[in-house]
Amino acid sequence: METVIRISACYAGRPTRHGPVTMGQANMARCVLRDPPLHMNFRETRPLPHGTTLAAVVEAVGLLLARHESLRATIRGGTQLVSGSGTLPVEVHVVEDDPAPDAVDELAEEVGQRLQGARFDVENELPIRVAVITEGEIPLRMVFVLTHTSVDEVGLATVMRDWDRLIRGEAVPEPCPTQPLDLALEEKAPPTQVRTAAALRHWGNQLTRVPQSMFAVDEAADPEALRPRLRVRSTVASEALGAVARRTGASRSVVTLAALGTLIGARAVQRTCVIASLTSNRIRPEVRDYVGPLAQDALITADLDVPTFDEAVRRFRTASLTGYQHTRFDSTALWDLIGTVNTERGVDFARDCVFSDMSGVALAEREPPPSGDIECRWLPEASFPAHLALWTNRLEDEVDLTFWIDPRVMSRAEAESFGTGLVRLLIEAGRGVVPLPEVADLCGVTPVEYGSGWVHTDSCWVNLDAVERLVGEAVAGRPHRVVCDAEGRLTCHISGGTPEEIHAACVALLPGRTSAMAPHHYVIHQPAPADAWLRAPVVTEGCGREFVFSATSRVSSQ
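Residues numbered from 1 in each chain as written. Predicted model: local features only at pLDDT ≥ 70, side-chain atom pairs only at ≥ 80, totals over all residues. Heavy atoms only, no water.

### Quick look at unusual backbone geometry
Then, in step 1: A positive phi angle, near 55 degrees, is found at Asn 281, a position not held by glycine.
Then, in step 2: For Asn 281, the position within the fold is in the loop between strand S10 (272–279) and strand S11 (296–303). (Helix = DSSP H or I, 4+ residues; strand = E, 2+ residues; numbered from the N terminus.)

Now the structure itself:
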């Protein structure tokens, strides 16, 4: 039996402020309104110290909000309003006395999932939801849900660290002096504008040459689909990781990133690997403990035409240094750029491989060491918008990794081989130089077999049947034929229309179809009955992309 009451936590004594949003807030506000809430809302459950009262809970919640302006900010358009005083509703879920052993934890999970699964109203709702689970009048668990406009992973860790101290009545350090409004004003300054323009140039240069996806799938994914998660641990790999890092001059994080990229390339049979690496953008001391969405993607692209894994590590080291230097950007301008490049190339760039090094973030108490050289186990499924993602939990003392893997690109058995194979690669590389051609066999990673009907063109694996289906939908069944020449160039012959009209329709249908590509050239024939149209006179022909060339030139010259 459960009783629900609602109380309020008050925060007061701060000035109300308003002003522009940061680039991170603007990006996340758009995503919060568009993407599934499970992707955009963080959930944390915390046990409460013995003897905690409900009054202490609401007081600590009020103090937490008073410390961080991002928790008190609502966003409308390009402006944020930071309230100085107000209240936050707190749900209190009361379970009956002497509940079943797991009743409190099960209720906390149920409440957390409900709060996390509801979309935040960024214009009218504070970006934090709080619930407390009590047994009678005794608070036992706290449930926090924070949306991505208020925190990223590192900011969330800072907020939770503050909470743990506040609820225990311990001294809490002064909050980060840089609040989102301060950062927003800094981002308007000329030096930052120069850096953001350079970031766009970096992205534009790379996007024109990399695969649209590392995993070619001809089916749009359900954005709310759950992904199997695999956790892999090894103490032996940690020692090996240190040895490779010393030998190559790369950090432990970059060596792990290189191992991931090398195995992705081996699995996908790709000569170039592209990975989105989440970076905290917290190099400067004044934003190290900043609470707000500061993290953005680093675009890491590395060519794998090297003889050894050590050389691959050096390639990824260079690529990561370049990528991490270009991670502060105007997300609206970036998505405009991606759209322009997609249209010109006839692809849909998929952020389908993601890497995030969370090993520097404070973790819970150490667990018992892993059994054997490599230990792996499946975790509960979770939602994540990528074909493959890797989170590093620890890289010192032990290697502790969590993989999210789309079952459309790997079965569970293949995923286990991939995850344990990555750790095995680190262990073997710690013993000596590993030839790159031997990596797939060494790690038990089976390369994808691209049969007849597949071509490798413009860095992408393309299924000609998928192209045919794409074009067929784009032209609504009009007679057409797609021809692929020896160079991988796709030419579409079609009865009627214009190259521009047909290309635009193909590009509009591309999202989610990472095994398809819009044709490179369109030949428009005069309409004719039955099969005679293909022999009919050519009315016009062209690439259909003329309207994007000038926009691309403007972006590349900025």
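Here the narrative resumes, following the displayed structure.
### Re the packing of aromatic side chains
Then, in step 1: All chains considered together, the criterion is met by eight aromatic pairs.
Then, in step 2: Relative to Phe 418, the ring of Phe 403 lies with its centre 6.3 Å away and its plane at 90 degrees, an arrangement referred to as edge-to-face. Linking Phe 403 in strand S15 (residues 399–405) with Phe 418 in helix H12 (residues 412–431), this pair joins segments that are 15 residues apart in sequence. A single burial state applies to Phe 403 and to Phe 418, both of which are buried. (Phe/Tyr/Trp six-rings, centres within 6.5 Å; stacked < 30°, edge-to-face > 60°. Buried < 20%, exposed > 50% of the residue type's maximum accessible area, 1.4 Å probe, protein only.)

### A short note on the sheet that holds strand S5 (residues 79–82)
Sheets are built from strands paired through backbone hydrogen bonds, the pairs being either parallel or antiparallel.
Then, in step 1: Overall, antiparallel pairing links the three strands, which are arranged S2-S5-S4 in an open sheet. Bordering the open sheet on either side are strand S2 (17–20) and strand S4 (73–76), each of which pairs with just one other strand. Going across the sheet, the axis of each strand differs from the next one's by a mean of 20 degrees, ignoring polarity.
Then, in step 2: Two elements, S2 and S5, share four bridges in a ladder whose sense is antiparallel. Within S5, the position partnered with Gly 19 by the bridge is Gln 80.
Then, in step 3: Contacts between helix H6 (residues 180–187) and the sheet are confined to S2 and S5, with S2 contributing the most and set at about 30 degrees to the helix. (Pairing = 2+ DSSP bridges. Axes fitted to C-alpha atoms, helices over the stretch in contact; angles between N-to-C directions. Contact = heavy atoms within 4.5 Å.)

### Quick notes on the nonpolar core
Then, in step 1: Ranked by size, the top nonpolar core spans 67 residues in total, and within it Ile 264, Phe 309, Phe 316 and Phe 403 carry the most contacts.
Then, in step 2: Excluding residues within four positions of it along the chain, Phe 309 makes contact with Val 244, Val 255, Ala 258, Ala 259, Thr 262, Leu 425, Ala 429, Val 434 and Leu 436. (Core = buried A, V, L, I, M, F, W, Y, C linked by side-chain atoms within 4.5 Å.)

### Regarding helix H14 (residues 464–474)
Then, in step 1: For H14, the full list of buried residues reads Ala 466, Val 467, Leu 470, Val 471, Gly 472 and Ala 474.
Then, in step 2: Contact partners of the buried residues in H14: strand S17 (460–463), strand S18 (480–484), strand S19 (490–495) and helix H15 (499–508).
Then, in step 3: A positive backbone phi angle near 55 degrees is found at Ala 476, which sits one or two residues after H14.

### Observations concerning the sheet that holds strand S9 (residues 226–234)
Then, in step 1: Spatial strand order, S11-S10-S12-S14-S15-S9-S13: seven strands in an open sheet with mixed pairing. Of all strands in the sheet, those with a lone pairing partner are S11 and strand S13 (375–383), marking the two edges. Each strand axis lies, on average, 25 degrees off the axis of its neighbour in the sheet, ignoring direction.
Then, in step 2: Bridge count for S9 against S15 is six bridges, and the pairing is antiparallel. Residue pairing in the sheet places Arg 233 in a bridge with Asp 400 of S15.

### Structural notes on the packing of helix H1 (residues 23–34) against helix H11 (residues 331–345)
Then, in step 1: Between H1 and H11, the shortest axis-to-axis distance is 9 Å and the interhelical angle comes to 60 degrees. Put simply, H1 runs oblique to H11. Contact residues: Met 23, Asn 27 and Arg 30 in H1; Ser 331, Thr 332 and Trp 335 in H11.
Then, in step 2: Of the residues assigned to the contact of H1 with H11, the class counts are two nonpolar, three polar and one charged. (Parallel < 35°, antiparallel > 145°, perpendicular 65-115°, else oblique. Nonpolar A, V, L, I, M, F, W, Y, C, P; charged D, E, K, R; others polar.)

### A look at the pattern of salt bridges
If charged atoms from side chains of opposite charge come close, those side chains can pair.
Then, in step 1: One pass over the structure, following the stated rule, counts 36 salt bridges.
Then, in step 2: Between Arg 161 and Asp 289 there is a salt bridge, and its shortest N-O distance comes to 3.7 Å. One end of the pair, Arg 161, is in helix H5 (residues 153–167); the other, Asp 289, is in the loop between S10 and S11, and 128 residues separate them in sequence.
Then, in step 3: Ionic pairing is found between Arg 345 and Asp 458, a salt bridge with its closest N-O pair at 3.0 Å. Of this pair, Arg 345 sits in helix H11 while Asp 458 sits in the loop between strand S16 (454–457) and S17, and the two are 113 residues apart along the sequence.
Then, in step 4: The class for Asp 458 is partly exposed, based on a relative accessible area of 29%.
Then, in step 5: Because the salt bridges share partners, they merge into one network encompassing Glu 186, Glu 187, Arg 284, Glu 286 and Arg 328. (Salt bridge = Lys/Arg side-chain N within 4 Å of Asp/Glu carboxyl O.)

### Structural notes on the state of the cysteines
Every disulfide links exactly two cysteines, by a covalent bond between their sulfur atoms.
Then, in step 1: Throughout the structure, instances matching the rule amount to zero disulfides.
Then, in step 2: Unpaired in terms of disulfides, Cys 31 finds its nearest cysteine sulfur in Cys 353, a separation of 19 Å.
Then, in step 3: Among the residues examined, Cys 31 registers a relative accessible area of 8% and is labelled buried.
Then, in step 4: With no disulfide of its own, Cys 273 lies 6.2 Å from the sulfur of Cys 353, the closest cysteine sulfur.
Then, in step 5: Judged by its relative accessible area of 0%, Cys 273 is buried. (Disulfide = S-S within 2.5 Å.)

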